[in-house]
Amino acid sequence: MADLSNLEQRARAELAACTDEAALRIWNTRYFGKQGEVILALKEVGKVPPEERRAYGQEANRIKESLIAAYDGALVKEKELALERSLSAEGLDVTLPGRTTPRGRLHVSTRIMREIYGIFADLGFQIYRSREVEDDLTNFELLNMPPHHPARDMWDTFHTTTPGVLLRTHTSPGQIHVMRELCPEPIRVILPGMCYRYEAITTRSEIQFQQVEGLAIGTSVTMADLKGTITAFAQRLFGKERQVRFRSSYFPFTEPSIEVDIDWPKDDPNADRLTKGTGWLEIMGAGMVHPIVLKNGGYDPQKHSGFAFGMGPQRITMLKYAIDDIRLFWGNDVRFLEQF
Ligand code: DAH
């Protein structure tokens, strides 16, 4: 016959010592499983002498009910505690601000290029893409710069191990490609793209930079068309009130050749530094396409004429945003890029 009061004390003490759900389940099996001590104690009621049977049975049942109640209570409490433990360990703070997704943006050069494309699109110019790896013939000779022509000094470049194959120094060789493709049709295109030069890298010069070349060819294209187009462009990009100035210059591929300046606002504190005190700032080279270049493109200079221009959008961006170091453009420093 089981010692009921000892059984109850032991069971209660062990239940109190359980620290997790698994321990509670083990406890339950020990006392209430098929061979559980409480269950066995209840079965023993038949062996109890008749005069004690009733009291034994009542006491055993009371212990069973009270232990089940204690177990159920402990199980609920343990589940609450487990939830609390996991909440405090995993620490979900719903008041924290969410993580923002970093927003990318277009590179400042991409933006200025698109602005330039937009202006020339309005003026009826299409975009013509041409190669960055060129040959000496197209980069120089067909543009009226035979080998040993002194003008080549202005365009030192990177040569490949294949003789005569080089990185283009300007977008002007694109003129030859587009002429040869479209001749004898009239042409009105811009030729944007990357150019390369073998230069000492300073705040004003880089070994790579973009250019936007322009070319218009027809049967009655004149210098007046060139001046009108460039003035319209400059005033769209820099402001309607800008004055444009044309100076005579020299390029082997144009005749006559000019350089184009815009006046810089006098109230800009950088005006003096930017314009070296003159009030004028150079934005591009241009001219009427040289008859030899027209011929090299397949056009007859007796019938056709054309104008061309070339500018450096990085330089224009530097003017527009007062950027004082051209190396910032390809340095990939987010602190610079984020500002645009
Ligand atoms: N190719 C010249 C340069 O890189 C720029 C230029 C000047 C382009 C006059 C032209 C032009 O088309 O007519 O310095």
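Cut-offs used in this document
Residues numbered from 1 in each chain as written. Predicted model: local features only at pLDDT ≥ 70, side-chain atom pairs only at ≥ 80, totals over all residues. Heavy atoms only, no water. Near = heavy atom within 4 Å. Polar contact = N/O pair within 3.5 Å; in protein donor to acceptor, adjacent residues only side chain to side chain. Areas by Shrake-Rupley, 256 points an atom, 1.4 Å probe, with all protein chains shown as cover. Helix = DSSP H or I, 4+ residues; strand = E, 2+ residues; numbered from the N terminus. Nonpolar A, V, L, I, M, F, W, Y, C, P; charged D, E, K, R; others polar. Salt bridge = Lys/Arg side-chain N within 4 Å of Asp/Glu carboxyl O. Buried < 20%, exposed > 50% of the residue type's maximum accessible area, 1.4 Å probe, protein only. Domains from an automatic or database assignment. Phe/Tyr/Trp six-rings, centres within 6.5 Å; stacked < 30°, edge-to-face > 60°. Axes fitted to C-alpha atoms, helices over the stretch in contact; angles between N-to-C directions. Parallel < 35°, antiparallel > 145°, perpendicular 65-115°, else oblique. Left-handed = near helix turned anticlockwise from the far one by under 90°. Contact = heavy atoms within 4.5 Å.

As a matter of local geometry, the ligand sits amid 16 residues, with His170, Ser172, Arg197, Gln211 and Glu213 nearest to it. In the environment of the ligand, an oxygen atom lies 3.3 Å from a nitrogen or oxygen atom belonging to the side chain of Trp155. Here a nitrogen atom of the ligand and a side-chain polar atom of His170 are 2.9 Å apart. With the chains in place, 92% of the 360 Å² that the ligand exposes on its own is no longer accessible. Those elements that place two or more of their residues in the shell around the ligand are strand S5 (208-218), strand S8 (280-289) and strand S9 (305-311). Each residue belonging to the shell around the ligand can be placed in one class, and the counts come to six nonpolar, eight polar and two charged.

On to the pattern of salt bridges. This structure, assessed with the given rule, holds 16 salt bridges. Put simply, Glu241 and Arg242 hold a salt bridge, and the shortest N to O gap is 3.4 Å. A relative accessible area of 9% places Arg242 in the buried class. A salt bridge links Asp263 to Arg242, with the shortest nitrogen-to-oxygen separation between them at 3.0 Å. Of this pair, Asp263 sits in strand S7 (residues 254-263) while Arg242 sits in the loop between helix H8 (223-238) and strand S6 (244-249), and the two are 21 residues apart along the sequence. The same class applies to Asp263 and to Arg242, which are both buried. Salt bridges here are not isolated pairs; linked through shared partners, they connect Glu8, Arg12, Glu59 and Arg62.

Glancing now at the domain arrangement of the protein chain. When cut into domains, the protein chain gives domain 1 (2-90) and domain 2 (108-337). Summarising the inter-unit geometry, the C-alpha centres of domain 1 and domain 2 are found 93 Å apart.

On to the packing of aromatic side chains. Counting across every chain of the model gives 15 aromatic pairs. Seen from their ring centres, Trp27 and Tyr71 are 5.6 Å apart, and the 10 degrees between their planes marks the pair as stacked. Of this pair, Trp27 sits in helix H2 (residues 21-32) while Tyr71 sits in helix H4 (residues 50-90), placing them 44 residues apart in sequence. On the basis of an interplanar angle of 65 degrees and a centroid distance of 5.1 Å, the ring pair of Tyr321 and Phe340 is categorised as edge-to-face. In this pair, Tyr321 is assigned in helix H11 (residues 313-321) and Phe340 in the segment after helix H12 (334-337), connecting sequence segments 19 residues apart. A relative accessible area of 37% places Tyr321 in the partly exposed class. For Phe340, a relative accessible area of 14% corresponds to the buried category. Connected via pairs of aromatic rings, a cluster forms that spans Phe120, Phe125, Phe233, Phe307 and Phe309.

In this section: unusual backbone geometry. Residue Pro184 is bonded to the preceding Cys183 through a cis peptide linkage, with omega at 5 degrees. Secondary-structure assignment places Pro184 in the loop between helix H7 (173-182) and strand S4 (187-196). The omega torsion of the bond from Glu255 to Pro256 falls at -5 degrees, within 30 degrees of zero and hence cis. On the secondary structure map, Pro256 appears in strand S7. Of note in this structure, Lys276 is not a glycine but carries a positive phi near 50 degrees. For Lys276, the position within the fold is in the loop between helix H9 (271-275) and S8. In this structure Lys276 comes out as exposed when scored by relative accessible area, which is 71%. In this structure, Asn332 is a non-glycine residue whose phi angle is positive, near 55 degrees. Mapped onto the elements of the fold, Asn332 is located in the loop between H11 and H12.

Let's shift gears to the packing of helix H1 (residues 4-17) against H2. It is at 10 Å that the axes of H1 and H2 come closest, and there the two elements cross at 165 degrees. Relative to H2, the element H1 lies roughly antiparallel. Considering only the axes of H1 and H2, their crossing is right-handed. Seen from H1, the contacting residues are Leu7, Arg10, Ala11, Glu14 and Leu15; seen from H2, they are Leu24, Trp27, Arg30 and Tyr31. For the contact of H1 with H2, the residue count by class is six nonpolar, no polar and three charged.

The subject of this paragraph is the environment of Arg111. Summarising the element assignment, Arg111 is placed in helix H5 (residues 108-122). When its relative accessible area of 40% is taken as the criterion, Arg111 is described as partly exposed. Considering only alpha carbons, one finds Arg111 and Thr317, 206 residues apart in sequence, at a separation of 9.7 Å. Those residues in contact with Arg111 that sit more than four places away from it in its chain are Leu106 and Phe340.

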